[in-house]
Amino acid sequence: MSVLKWLVLAAVLASQEKSALESDSKGWVDLFPDKELKGWKRVTVDPKATQKVWGLSEDGKLLVVDGRNGVKEDFLYDKEFTDGIYHVEWRWGKDQGEKPNYNGGVYVRASADAKTWIQAQVARPAKGPAVGDIIKMVPVDGTPKREDAMQKGASREAAVGEWNTYEITCKGKSVSVWVNGGVTASIDDCPLPNGRVGLQAEFALFEVRAIKYKPLP
């Protein structure tokens, strides 16, 4: 390995932070669904969906999110949370169809009807928002309005097929997204004091192996 490559690798490794779960494994609530998907609910169900959009793998270890064939809908946990950290591990599925459109999302502080929310984007577009960016859909003068918070550094997304770890921290009006070793984006004007965690199926296939929550004091 050349000196330059070694220095680049050393800089990358030095910039990696442990996840909150790795740093302290105590106090986490496991929200991963069982085979009956108990505690979770499909929201804004897409009438075009002919496939099974949400379901567990045969061994029950992966939640399979299938938004292919133009399907777009949401899947929310049936309980609201306030301040806390959400830990989600996900990866892109192998079969994206003939025309891949890598897209999806992880919601926090979502309303029960999924009309307002904060989303950690799960996407690979030519232009953002992409993996590590924040999209917020929050009330402005009584009407939900979208705003994007884009990351400024290089993408921390893992290669297709490899696992990504998101940790989304919500405290007061502040929301930050940590991806694979570092914070990528944050906002400090979230008007939503609480809400649900959830996932968005949007045109792509991806898999989730962990969904955990840790309340903050």
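Everything here concerns the structure above.
Below or above, wherever it landed, is the structure these notes cover. All figures in this text were calculated on a predicted structure; none of them were measured in a lab.

A short note on the overall build of the protein chain
Item 1. For the protein chain, the helix and strand inventory stands at 2 helices and 15 strands.
Item 2. For 217 residues, the compact-globule estimate of 2.2 N^0.38 gives 17 Å, and the C-alpha radius of gyration of the protein chain, at 17 Å, lies within 12% of that figure.
Item 3. Seen through its principal axes, the protein chain has C-alpha atoms that stretch 55 × 40 × 35 Å.
Item 4. A burial count over the protein chain gives 49% of its 217 residues as buried.
Item 5. Put simply, the protein chain shows about 11400 Å² of open surface, and 52% of that area lies on carbon and sulfur atoms.
Item 6. Distance between charge centres in the protein chain, computed from 31 positive and 30 negative side chains, equals 1 Å.

Focus: the layout of surface pockets
Item 1. Size it by volume and the largest pocket reaches roughly 320 Å³.
Item 2. Taken together, 23 residues line the largest pocket, and the ones lying closest to its centre are Lys 72, Gln 119, Arg 146, Gln 200 and Glu 202.
Item 3. With 4 residues, the single largest contributor to the lining of the largest pocket is strand S8 (residues 117-123).
Item 4. Considered class by class, the residues forming the lining of the largest pocket number 9 nonpolar, 8 polar and 6 charged.

Some thoughts on the side chain of Ser 111
Item 1. Mapped onto the elements, Ser 111 comes out in the loop between strand S7 (103-110) and S8.
Item 2. Polar contacts involving the side chain of Ser 111 include one to the side chain of Asp 113, which spans 2.6 Å.
Item 3. With near-sequence residues (within four places) excluded, Ser 111 lies in contact with Leu 76, Thr 116 and Arg 196.

Examining the sheet that holds S7
Item 1. With antiparallel pairing, 7 strands are arranged side by side in an open sheet as S2-S5-S14-S7-S8-S9-S10. Every other strand in the sheet has two partners, leaving strand S2 (40-43) and strand S10 (143-149) as the edge strands with one partner each. Each strand axis lies, on average, 25° off the axis of its neighbour in the sheet, ignoring direction.
Item 2. Judged from the 7 bridges that link them, strand S9 (residues 134-140) and S10 form a sheet pairing that is antiparallel. Residue Val 140 lies in a different strand from S10, and its bridge partner there is Thr 143.

Some words on the nonpolar core
Item 1. Counting residues in each nonpolar core, the largest one holds 45 residues, and the members touching the most others are Leu 63, Ile 118, Tyr 166, Ile 168, Val 208 and Ile 211.
Item 2. Counting residues in each nonpolar core, the second largest holds 8 residues, with Tyr 107, Ala 110, Trp 117 and Ile 135 among its members.

Quick look at the pattern of salt bridges
Item 1. Using the criterion set out here, one finds 14 salt bridges in the structure.
Item 2. Across the pair Asp 66 and Arg 68 runs a salt bridge, and its minimum N-O distance is 2.9 Å.
Item 3. The shortest N-O distance in the salt bridge between Glu 157 and Arg 124 comes to 2.9 Å. Placement of the pair is Glu 157 in the loop between S10 and strand S11 (164-171) and Arg 124 in the loop between S8 and S9, with a sequence separation of 33 residues.

Quick notes on the packing of aromatic side chains
Item 1. Per the counting criterion, the structure on display carries 13 aromatic pairs.
Item 2. Ring geometry for Trp 40 against Tyr 77: centres 5.3 Å apart, planes inclined by 65°, an arrangement best described as edge-to-face. With a gap of 37 residues between them, Trp 40 in strand S2 and Tyr 77 in strand S5 (residues 72-77) connect regions that are remote in the sequence.
Item 3. Through a chain of ring-to-ring contacts, the aromatic side chains of Trp 40, Trp 54, Phe 75, Tyr 77, Phe 81, Tyr 86 and Tyr 213 assemble into a single cluster.
Item 4. The ring of Tyr 102 has Arg 124 sitting right over it, with the charged end atom 5.4 Å from the ring centre.

So, the side chain of Thr 184
Item 1. Here Thr 184 lies in strand S13 (residues 182-187).
Item 2. By relative accessible area, which is 13% here, Thr 184 ends up buried.
Item 3. For Thr 184, the side chain forms a polar contact with the main-chain oxygen of Gly 132, separated by 2.6 Å.
Item 4. Leave out the neighbours within four places in its chain, and Thr 184 touches Gly 132, Gln 151, Lys 152, Arg 156, Val 177 and Val 179.

Comments concerning the pairing of strand S15 (residues 205-215)
Strand residues, when the strand is regular, have side chains that alternate between the two faces of the sheet.
Item 1. Burial runs high along S15: 8 of the 11 residues are buried.
Item 2. Across 2 bridges, the pairing between strand S1 (residues 29-30) and S15 is antiparallel. Residue Asp 30 lies in a different strand from S15, and its bridge partner there is Lys 212.
Item 3. With 4 bridges connecting them, strand S4 (residues 63-66) and S15 associate as antiparallel partners. Residue pairing across strands places Val 65 opposite Phe 206, the latter belonging to S15.

Definitions and limits used
Residues numbered from 1 in each chain as written. Predicted model: local features only at pLDDT ≥ 70, side-chain atom pairs only at ≥ 80, totals over all residues. Heavy atoms only, no water. Helix = DSSP H or I, 4+ residues; strand = E, 2+ residues; numbered from the N terminus. Rg over C-alpha atoms; globule rule 2.2 N^0.38 Å. Buried < 20%, exposed > 50% of the residue type's maximum accessible area, 1.4 Å probe, protein only. Areas by Shrake-Rupley, 256 points an atom, 1.4 Å probe, with all protein chains shown as cover. Lys, Arg positive; Asp, Glu negative; His and termini not counted. Charge placed at Lys NZ, Arg CZ, Asp CG, Glu CD. 1 Å grid on protein atoms, 1.4 Å probe; cavity = no way out; pocket = protein on both sides within 12 Å on 5 of 7 lines; lining within 4 Å. Points joined across faces, edges and corners; volume = space filled by probe spheres on them. Nonpolar A, V, L, I, M, F, W, Y, C, P; charged D, E, K, R; others polar. Polar contact = N/O pair within 3.5 Å; in protein donor to acceptor, adjacent residues only side chain to side chain. Contact = heavy atoms within 4.5 Å. Pairing = 2+ DSSP bridges. Axes fitted to C-alpha atoms, helices over the stretch in contact; angles between N-to-C directions. Core = buried A, V, L, I, M, F, W, Y, C linked by side-chain atoms within 4.5 Å. Salt bridge = Lys/Arg side-chain N within 4 Å of Asp/Glu carboxyl O. Phe/Tyr/Trp six-rings, centres within 6.5 Å; stacked < 30°, edge-to-face > 60°. Lys NZ or Arg CZ within 6 Å of the ring centre and 35° of its normal.

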